[in-house]
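As a plain string of letters, each chain reads:
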Amino acid sequence: MNFKAFLKEHIFLLDGGMGTLLQARGLQPGELPERWSLTHPDVIVEIHRRYYDAGSHVVNTNTFGANSLKFDAAELENVISAAVANARRAAAESTGAQSKFVALDIGPTGRMLKPYGDLDFEAAVGIFAETVRLGVKYGVDLIFIETMNDSYETKAALLAAKENSTLPVLVSNAYGADGKLMTGATPEAMVAMLEGLGADAVGVNCSLGPKALRPVVEEYLRVASVPVFFKPNAGLPRVIEGKTVYDVAPTEFAGEVAALLGCGVRGAGGCCGTTPDYIAALAAAARGLQPQPIDHKQRTVISSYTHAVVFDREPILIGERINPTGKKRFKEALRAGDMDYILQEGIAEQERGVQVLDVNVGLPEIDEPAMLTAAVTELQAVLDLPLQLDTSDPVAMERALRIYNGKPMLNSVNGKRESMETVFPLAKKYGGVVVALTLDESGIPASAEARVEIARRILREAEHYGIAKKDLIFDPLALTVSADSTAAKETLRAVRMIREELGCHTSLGVSNVSFGLPARDAVNSTYFAMALTAGLSAAIMNPHSAEMMKTYHAYRALAGLDENCADFIAFSETLPATQTTTAVPVTPKTVSENASRLQEAVVKGLRERAAALTAELLKTEPPLSLVEQELIPALNAVGVGFEEKRVFLPQLLMSAEAAKAAFEVIKGAVQGSASPRGKTVIIATVKGDIHDIGKNIVKLLLENYGFAVVDLGKDVAPEAVAREAVRLHAPLVGLSALMTTTVPAMAETIALLRKEAPWCRVMVGGAVLTQEYADSIGADRYARDAMEAVRCAEELLR
């Protein structure tokens, strides 16, 4: 039986940790665990065999970090070949009678993807693809992508797996104590994206113990329509007598995890700190449990890199302003490549309350595929709204779908066979909710019945491509009432029929109804109200129209969607007493109302605008004044938002990049004059660890706060750190580690610093660390995230 068939009918048990077991058998700090498949095959086989003997159905190959960033091509092939052979040998030697499978284990690269880091998305896909192809070549049964804490890197790995194999793919993410990924994604957003891309099962692993991660798993069960699996740590680590131990024992671990198997989780195992004893206890606790049926939720959902938007009872507003139709200034911006203008349009729409942004950059004289991918990339760098990719160019659509971080809307397909044959394969491969226009080769039918019939035909054709009804939203096309007095009414009939007869959601470009008429806002807002009462799910509309926004908020209050009319009251307070049509609701800003344009540019992550405003302000303001009164307050505002979980890591990074752009302008203006250098901070990822995402984020923020950062890079030996600390007489060193196997190297580095540079303070951070762990290895401070590292540095060097 292959694993995909096994998955449909059985609860499956995964294996447990590998790194801590290798450390117990002599893996040295800084030594690459993957090489042990070549140098210590008997040890690897023994560990795998013990997991199979304990009851594991699936054992992961010793390839968590096996990629071309760590190994050259020849060694990478040897490592993966040996790892698969070791797992196969273990399965053959095991006394367990259960079905046994070998999974190719794939972990993160340790690099952050652009625009927040330096690794290109396609380069990441290529790195994962090399590993996948070798795993397939040497005969694995499935692919297991795990411990991903960034949605974008997760997408790159899953795309690589789907494009280079036909094997089942399981995808697992590592969530923090706040229930989100490092880059801000919620479980609901991740499930939406992963299901859209075709993951065979989705799961949660690492970071915390079973009790702490239970709410995340329960959210997966609530929203997922594919099997869910769970692979938590054995609690939190601490050091006792020089050894790393975890605070959840096998029996307690097994009880917590087995309880979730009874609630619908389909697969389970362990991560850091777990051993074959944990899996044996889990197998005993799970004995007799029957798999719960997979509930196929009929949820129409899209997502950004942070959150999901669900089409249900709440009407969804789709901002229409990023579109050149009828907009002279926007056309000029497209021709000039003025991305800053496009970003400001998007930010303004977000501030006015839309939940989705329509993105259309089609002009005959520009390279639409290049412009659309650039616009999507830049918009996602500064905004967290889901996007509707609006193009009739299939090349532009595929490129934008490929680099989109989340599950987007696709605008659009229609009833023409050519359109469906072009769009549906893209929707199936990349995932997305497709907007379907009710027109075909004969044009737009006059009657609602004929439009609904086209919708039925589109549904049937979509099914052939494996696209479910829940991933289609129908647009029955608002036509101008000035040309046909029955057009508006017939469209509303189609909206109601599609909702009631087909059970599908609908969307309309509302403003089309008023073309050629005066007082268009009055017509649009009235028609919007009529459409909402007919069951309209979403509207492409102008959020700058106060009349449209009044209708939206009033409808929500009257439809029982606004408890105590709180949102309507808050919206009303933003309107001037004159009730002019130019009034708009504005959500609270991160900076105060009297904040400068430069501060706002930094807060919103607008690099080009921040640099341009800085250059302008330097004509009248002294450089130090700009730093102290504009840049640092803006960074502090974003930092506070990050600490209070109102701002997510990508927004923090883009704000830091905007501030960096401003600082570069200031540096250029004061060249030749004495530029005061801040206190020195040395940072490094410890020996054996090539994951430097966290370190690089800390570096960026520390530099923006005026520290002189000396970055020693990754995989840095203790001697190199101590030598540089002595040479610079540095007052502070920051050390980072992601892997449990490299924490001993961190302890060794701290011990050497105490000996060679006793004046130097040490702060530490990384996914595997806790305050207790940091204390036990002698660190002065533990920083949970990048902003806390800045606060620690300020405090230690005050």
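Note that this is a predicted model, so its numbers are computed, not measured.

Regarding the pairing of strand 12 (residues 308-311)
Reasoning step 1: One ladder, built from 4 bridges, connects strand 11 (residues 300-303) with strand 12; its direction is antiparallel. Bridge assignment links V301 to a residue of strand 12, and that residue is V310.

Description of the domain arrangement of the protein
Reasoning step 1: Looking at the protein, the domain boundaries give domain 1 (3-27 + 36-286), domain 2 (312-569), domain 3 (591-670) and domain 4 (680-796).
Reasoning step 2: Here the C-alpha centre of domain 3 lies 40 Å away from the C-alpha centre of domain 1.
Reasoning step 3: The interface is formed by 8 residues belonging to domain 1 together with 6 residues belonging to domain 3.
Reasoning step 4: For the pair domain 1 and domain 3, the summed buried area comes to about 650 Å², and 76% of that belongs to carbon and sulfur atoms.
Reasoning step 5: Taken as a group, P115, Y116 and T183 account for 54% of the area that domain 1 buries against domain 3, more than any other trio of residues on that side.

Brief notes about the sheet that holds strand 20 (residues 538-541)
Reasoning step 1: Strand order around the closed barrel formed by 8 strands is 13-14-15-16-17-18-19-20, with parallel pairing between neighbours. Each neighbouring strand pair of the sheet contributes to a mean axis angle of 30°, computed without reference to strand direction.
Reasoning step 2: Of the strand pairs in this sheet, strand 15 (residues 387-390) and strand 16 (residues 409-414) are connected by 3 bridges, and their pairing is parallel. In the sheet register, D390 faces strand 16, and the bridge partner there is N411.

Concerning the environment of L383
Reasoning step 1: Its location among the elements puts L383 in the loop between helix 14 (368-382) and strand 15.
Reasoning step 2: The spatial distance from the C-alpha of L383 to the C-alpha of K604 is 8.3 Å, given a sequence separation of 221 residues.
Reasoning step 3: Residue contacts for L383: discarding those within four places in its chain leaves Y305, G346, I347, Q350 and L357.

Concerning unusual backbone geometry
Reasoning step 1: Here the amide bond leading from K114 into P115 is cis, since omega sits at 10°, within 30 degrees of zero.
Reasoning step 2: That bond from N411 to S412 is cis: its omega, 20°, falls within 30 degrees of zero.
Reasoning step 3: Positive phi values are uncommon outside glycine, yet T147 reaches one of about 60°.
Reasoning step 4: Within the element layout of this structure, T147 appears in strand 4 (residues 142-148).
Reasoning step 5: The backbone of H729 shows a phi angle near 50°, a positive value even though the residue is not glycine.

Here we look at the pairing of strand 11
Reasoning step 1: With burial as the criterion, each face of strand 11 is covered, one bearing T300 and I302 and the other bearing V301 and S303.
Reasoning step 2: Linkage of strand 11 to strand 12, two consecutive antiparallel strands, is achieved through a turn of 4 residues.

As for helix 6 (residues 121-137)
Reasoning step 1: The terminal C-alpha atoms of helix 6 lie 24 Å apart, and with 17 residues this matches the ideal 24 Å at 1.5 Å per residue to within 8%.
Reasoning step 2: Buried residues of helix 6: F121, A124, V125, I127, F128, A129, T131, V132, L134 and G135, and no others.
Reasoning step 3: Those residues of helix 6 that are buried are in contact with helix 5 (73-93), strand 3 (101-106), strand 4, helix 7 (151-163) and helix 15 (394-403).
Reasoning step 4: Between a side-chain oxygen at the N-terminus of helix 6 and the backbone nitrogen of E122 the separation is 3.0 Å; the capping residue is D120.
Reasoning step 5: Directly beyond the C-terminal end of helix 6, a positive phi value near 95° is found at G139.

Parameters and conventions
Starting from 1, residues in each chain are numbered consecutively following that chain's sequence as written. In keeping with the model being predicted, local features are shown solely for residues with a pLDDT of at least 70 and side-chain atom pairs are shown and tallied solely at 80 or more, while totals for entire chains, interfaces and linings include all residues. Side-chain calculation: all heavy atoms of the structure are included, whereas hydrogens and water are not. Being paired, for any two strands, means DSSP has found at least two bridges between them. Strands are runs of DSSP state E lasting at least 2 residues, helices are runs of H or I lasting at least 4, and numbering of each runs from the N terminus. Where each domain starts and ends follows an automatic or database-derived domain assignment. Residues count as neighbours in contact if any of their non-hydrogen atoms are within 4.5 Å of one another. As a working definition, buried area equals the accessible area (1.4 Å probe) given up by two parts on being put together, with both sides summed. In this description, a line fitted to the C-alpha atoms serves as the axis of each element, helices being fitted only across the stretch in contact, and the angle between N-to-C directions of two axes falls anywhere from 0 to 180 degrees. With a 1.4 Å probe rolled over the protein chains alone, any residue whose accessible area is under 20% of its type maximum counts as buried; one over 50% counts as exposed, and the rest are partly exposed. Expected span of a helix, by definition, is 1.5 Å for each gap between consecutive residues, and there is one gap fewer than residues. Residues adjacent in sequence count toward polar contacts only when both atoms are side-chain atoms; beyond that, a polar contact is any pair of N or O atoms within 3.5 Å, and within protein one must be able to donate a hydrogen and the other to accept it.

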